[in-house]
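One letter stands for each residue in the lines below.
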Amino acid sequence: MRQYRWARASLCATWLSACLVLLHMPPARASDLVETTTQAPKLHSYRAYSFSGSGFPSFNVFRTAPIAGAAASAGMVVYVPGSGCGSNFEIRHGKAEPGWFDRIRQLAGPGTEFVAADRPGVKLFAQPIEPGRGDDCSPEFNEVGFDEVARGLAALVDDLVRQRSVPPSFVLLIGSSDGAPVAALAASRSASVTHVAMLSGGGDNQLEELLLSASTGKSSDSNERLRSVFRLLDTVTNPSSAPKVLWGQPIARWRSALSVSITQALLDAKAAVYVVGGTDDESVPIASMDLLAARLLRAKKSVVLERIPHADHALSVGSDRPSLRLEMTLASILRWAKGERVEGVDIVLPLPQQ
């Protein structure tokens, strides 16, 4: 519709009344979820799709069998991956295998519909040489920021919910690392999302996170660390000189990460919020997450804050079973989405009852 208006702008001088009608019409909405034919074996409990529509680039979707019949009101969980152009599935030994996120599906159980979405520009099953980076990603991937990803994700969720004969009992977005701010933005754009969980996602934006990290302590080099942050900001905000990729990430990603307000996105969303991070996370200062939770609490937003002692960016603790603590948190998030009370020694908010 937008291209139509520009192409026909000259006609408005002649047929003003007709053009005014067109300008007041809502933008055309079209979206398609098309199953992808692959040479790979069955994707465990999933099927692969391509999702496209207006206002966002197309992307791959991996989905379990749709809930039908008497269980149509069962919940829906959508996983939002972090940085990098790796697909949620990869070919290993001739088989299409899911990433770690499949553990969420297992914990959710067979009565919950589970969805995982690749970023736009990610090729089906593709894995970069260095996971999490954007150095060897497609031009399409490098040109997409958080907002475009969130718009597509919100459209996907709303479409899947509309397909249900009965609305799901809950719609939970789980975003990990860079997927956390994307999940928050998608929740603010979707009428269907009821819960959003942010794993190691930091605070309001990455500019605040970098400044907190740089200014911590009393060392003599803190001023130079701050200068490096401001140099980054200056580079990112100067479109004439900014490179396509900076520090291993697309410049479009940096622009989003430094400018977005996750606080406002979560306040705009109707979804309840679960924020979790590790005290030993070297990628994201946990203080930024604490500030985010405090801002949400001050605004009377429903928020759960979980701080895991000694956990790193992957929420791993120890060496025997490093993923055990993460699985405990995921189980807690799933119970929370189902309406159960959240409890645990590492839960800071809601405050324990006296």
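Scoring rules and cut-offs
Residues numbered from 1 in each chain as written. Predicted model: local features only at pLDDT ≥ 70, side-chain atom pairs only at ≥ 80, totals over all residues. Heavy atoms only, no water. Helix = DSSP H or I, 4+ residues; strand = E, 2+ residues; numbered from the N terminus. Axes fitted to C-alpha atoms, helices over the stretch in contact; angles between N-to-C directions. Parallel < 35°, antiparallel > 145°, perpendicular 65-115°, else oblique. Contact = heavy atoms within 4.5 Å. Nonpolar A, V, L, I, M, F, W, Y, C, P; charged D, E, K, R; others polar. Buried < 20%, exposed > 50% of the residue type's maximum accessible area, 1.4 Å probe, protein only. Disulfide = S-S within 2.5 Å. Expected span 1.5 Å × (residues − 1). Salt bridge = Lys/Arg side-chain N within 4 Å of Asp/Glu carboxyl O.

1. A word on unusual backbone geometry
Here is step 1 of the chain: The linkage connecting L349 with the following residue, P350, adopts the cis geometry, with an omega of 0°.
Here is step 2 of the chain: With respect to the helices and strands, the residue P350 is situated in the segment after β14 (347-349).
Here is step 3 of the chain: Despite not being glycine, S177 has its phi angle at roughly 55°, a positive value.
Here is step 4 of the chain: Of note in the backbone geometry, W247 takes a positive phi value of approximately 55° without being a glycine.
Here is step 5 of the chain: With respect to the secondary-structure elements, W247 resides in the loop between β10 (245-246) and β11 (249-250).

2. Considerations on the packing of helix α7 (residues 206-215) against helix α9 (residues 251-259)
Here is step 1 of the chain: Relative orientation of the contacting elements α7 and α9 amounts to 75°, with a least axis distance of 5 Å. If you check the angle between α7 and α9, you find them roughly perpendicular. Between α7, through Q206, L207 and L210, and α9, the contact on the second element is made entirely by R253, W254, A257 and L258.
Here is step 2 of the chain: Looking at side-chain class alone, the contact of α7 with α9 contains five nonpolar, one polar and one charged residues.

3. Points about the side chain of D346
Here is step 1 of the chain: Along the chain, D346 falls in the loop between α12 (324-337) and β14.
Here is step 2 of the chain: Exposure remark for D346: the relative accessible area of 15% places this residue in the buried category.
Here is step 3 of the chain: In contact with D346, not counting residues within four places along its chain, are L305, E306, R307, I308, P309 and R325.

4. So, the state of the cysteines
Here is step 1 of the chain: The tally for this structure, following the rule as stated, stands at one disulfide.
Here is step 2 of the chain: Paired through a disulfide, C85 and C137 show a sulfur-sulfur distance of 2.1 Å. When the S-S torsion is -85°, as for the bridge of C85 with C137, the disulfide is left-handed. With C85 in the loop between β4 (76-80) and β5 (89-92) and C137 in the loop between β7 (113-117) and α4 (139-142), this pair connects stretches of sequence that are 52 residues apart. In terms of burial, C85 and C137 fall into one category: buried.

5. A look at α12
Here is step 1 of the chain: Its 14 residues place the ends of α12 20 Å apart at the C-alpha level, agreeing with the 20 Å of an ideal helix rising 1.5 Å per residue.
Here is step 2 of the chain: With 10 of 14 residues buried, α12 is to be regarded as a mostly interior element.
Here is step 3 of the chain: Residues of α12 that are buried: R325, L326, E327, T329, L330, S332, I333, L334, W336 and A337.
Here is step 4 of the chain: Where α12 is buried, its residues contact β4, α3 (102-108), β8 (171-176), β9 (195-199), β12 (272-278) and β13 (303-308).
Here is step 5 of the chain: Just downstream of α12, G339 is the residue with a positive phi angle, here 95°.

6. Structural notes on the pattern of salt bridges
Here is step 1 of the chain: Enumeration according to the criterion identifies 17 salt bridges in this entry.
Here is step 2 of the chain: Measuring nitrogen to oxygen at the nearest pair gives 2.6 Å for the salt bridge that ties D102 to R105. One end of the pair, D102, and the other, R105, are both in helix α3, three residues apart, so they sit about a helical turn from each other. Residue D102 shares its accessibility class with R105, and that shared class is buried.
Here is step 3 of the chain: One salt bridge connects E208 with R295, and the closest N-O pair in it is separated by 2.9 Å. Residue E208 is found in helix α7, and its partner R295 is found in helix α11 (residues 286-298); the two are separated by 87 residues along the sequence.
Here is step 4 of the chain: Given the relative accessible area of 18%, E208 is considered buried.
Here is step 5 of the chain: Connected via shared salt-bridge partners are R63, E113 and R164.

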